[in-house]
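Each chain is listed here by its residues.
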Amino acid sequence: MSEDTTIRIERFEPELIDGVPNDRTVAFLKAISRGFHEGSLDAGDVATLARLDLEDNSTYTAVHDESSVQPSLHTESPVATYAAFGGTLNIGRGNLMPVHQITSVTVSPTHRRRGLLRRMITEDLTGARETGMVFAALTASEATIYGRFGFGKATGRVRFTLDTRHGAPMRGASGGTVLAVAPAELMKYAPAIFAAAHARTPGSVSATGFDVGQAAGRWEDYDSLKPVENLRSALHLDAEGKPDGFVSYLFAGGKGSAPTLNIGQMCTVDGAARRELIAYLADHDLIEVVTGRGPLDDVLPSALENARAYKVTGAGDHLWLRILDVRTALAARSYRGEGIVRLRVLDALGLADGHWELEVHDGTAQVRRAPEDSEPDATLDVRDLGSLYLGGFSAEHLAQAGVLQAHRPRAVATLDALFATDFVPYCQADF
């Protein structure tokens with residue numbers, strides 16, 4: 001198929017001149033807002049987003065259709081958008097690895113099925129691989145899009161409700177202190193708490209300035225970039241008086257529905273801070289329900305005197321991981337036990353395709369290319385290697401799903417013995 005010569009792709013960084021975004025930055029950010037069906041952005045909103053993207057060292061990819069004519073919006077506005085920025089990924093045991101984070105992917109309905117997403121993401125991932133990036137990651141608004149580009153489901157999360165009509169008595173002893181604070185105070189404390197939680201949470205990606213501002217109520221979300229009215233916040237201090245958790249929340253309900261506290265942002269370094277902040281929310285007068293998000297293995301049901309007060313109302317995937325460099329990724333990870341396994345990794349984009357031998361002694365791996373004509377122990381797509389990598393999915397699970405093929409006896413058992421973890425990976429951040 002010949003390349004469409006009317007399509008022009010430009011890559012650039014956001015630009016502000018005396019605090020005012022230039023025209024192409026404005027057009028790009030407004031196209032994203034339209035693509036995600038968000039509200040119209042005013043000049044202040046656009047400046048806020050551009051400043052945050054500058055702080056993240058984001059790179060924009062804008063696709064233009066030079067054949068567009070008036071009165072089409074696309075005479076000036078991109079027909080597709082894509083952005084990427086750098087962060088870190090916790091791959092276990094506090095090992096923080098650079099990760100190429102992808103966001104703001106939109107394609108106008110007038111330009112679907114023309115290969116624009118494939119072109120943007122293929123060129124971007126290829127460039128990231130060439131610069132030495134090992135991982136790419138995203139959070140997917142649609143589950144059927146990114147697997148074909150090598151992204152696999154790596155972490156999940158839940159939404160929960162907690163019946164607080166009788167408070168939320170916890171079985172364990174309380175060892176910390178909760179302080180009610182003004183949301184603006186979290187601008188001081190949230191960055192360090194985010195960083196400490198990230199360092200302790202496998203599957204986590206680093207927080208951004210947007211996350212910090214959201215915690216402090218500077219904005220609610222990308223659809224509402226104005227200060228949040230009536231937001232409340234609390235800070236948790238550990239037994240030594242060190243801040244190790246925070247929560248920001250809003251009152252909702254009443255007038256026919258149960259009086260509810262909705263958690264906006266909550267981040268804790270450990271389960272103790274999470275338990276005690278939830279207990280604090282449950283102690284609010286006139287509140288019957290607390291709602292929020294959490295990990296798949298949330299400690300709350302086990303911590304509560306009444307475990308049935310906690311109910312999962314929704315569960316789904318969150319972080320999708322794409323391995324760009326198999327050798328480096330496998331060598332960087334820690335393992336259990338010892339063993340040797342040969343993997344045939346399939347990659348439609350050709351970035352991680354090949355035969356690989358993983359040899360583990362005392363938890364440390366050596367990874368090398370295996371001969372292309374050698375018989376692998378197991379074959380899987382790079383997307384499924386991404387699911388296996390952080391420990392969110394076992395080799396047995398992938399084999400039962402029909403997406404990992406074992407060619408030798410005990411191949412699945414060997415993989416699970418090596419890749420086993422004592423945690424369920426969790427990513428709090430949205431991007």
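Here the structure is shown first, and the text comes after it.
Now for a look at the structure at hand. All values reported here derive from a predicted model rather than from experimental measurement. (Residues numbered from 1 in each chain as written. Predicted model: local features only at pLDDT ≥ 70, side-chain atom pairs only at ≥ 80, totals over all residues. Heavy atoms only, no water.)

A few words on helix 2 (residues 43-55). Because each turn of an α-helix spans 3.6 residues, side chains separated by three or four positions in sequence point in the same direction. For helix 2, which comprises 13 residues, the first-to-last C-alpha distance of 18 Å matches the rise-based estimate of 18 Å (1.5 Å per residue) to within 8%. For helix 2, the set of buried residues is Asp45, Val46, Ala47, Thr48, Leu49, Ala50, Leu52 and Asp53. Contacts made by the buried residues of helix 2 are with strand 2 (16-17), strand 3 (20-21), helix 1 (23-35), strand 4 (59-65) and helix 5 (209-215). At the C-terminal side of helix 2, asparagine 57 shows a positive phi close to 55°. (Helix = DSSP H or I, 4+ residues; strand = E, 2+ residues; numbered from the N terminus. Expected span 1.5 Å × (residues − 1). Buried < 20%, exposed > 50% of the residue type's maximum accessible area, 1.4 Å probe, protein only. Contact = heavy atoms within 4.5 Å.)

Let's shift gears to unusual backbone geometry. Omega for the peptide link from glutamine 70 to proline 71 comes to 10°, which places this bond in the cis form. With respect to the secondary-structure elements, proline 71 resides in the loop between strand 4 and strand 5 (80-90). Here arginine 93, not a glycine, exhibits a phi torsion of approximately 55°, which is positive. Positionally, arginine 93 belongs in the loop between strand 5 and strand 6 (96-107). A relative accessible area of 68% places arginine 93 in the exposed class. The backbone of serine 104 shows a phi angle near 60°, a positive value even though the residue is not glycine.

Counting across every chain of the model gives zero disulfides. Free cysteine cysteine 427: the closest other cysteine sulfur is in cysteine 267, separated by 11 Å. Note on cysteine 427: relative accessible area 0%, which makes it buried. (Disulfide = S-S within 2.5 Å.)

A separate point is the sheet that holds strand 21 (residues 404-406). Strand order in this open sheet of five strands is 19-18-17-20-21, and the pairing throughout is mixed. Two strands bound the open sheet, and with one partner strand each, they are strand 19 (364-369) and strand 21. Between one strand and the next, the sheet's axes are offset by a mean angle of 25°, whatever the strand orientation. Alignment of strand 17 (residues 339-346) against strand 20 (residues 378-381), held across four bridges, turns out to be parallel. (Pairing = 2+ DSSP bridges. Axes fitted to C-alpha atoms, helices over the stretch in contact; angles between N-to-C directions.)

Within the secondary structure, alanine 128 sits in helix 3 (residues 116-130). Beyond its immediate chain neighbours, meaning those up to four positions away, alanine 128 contacts His100, Met133 and Leu324.

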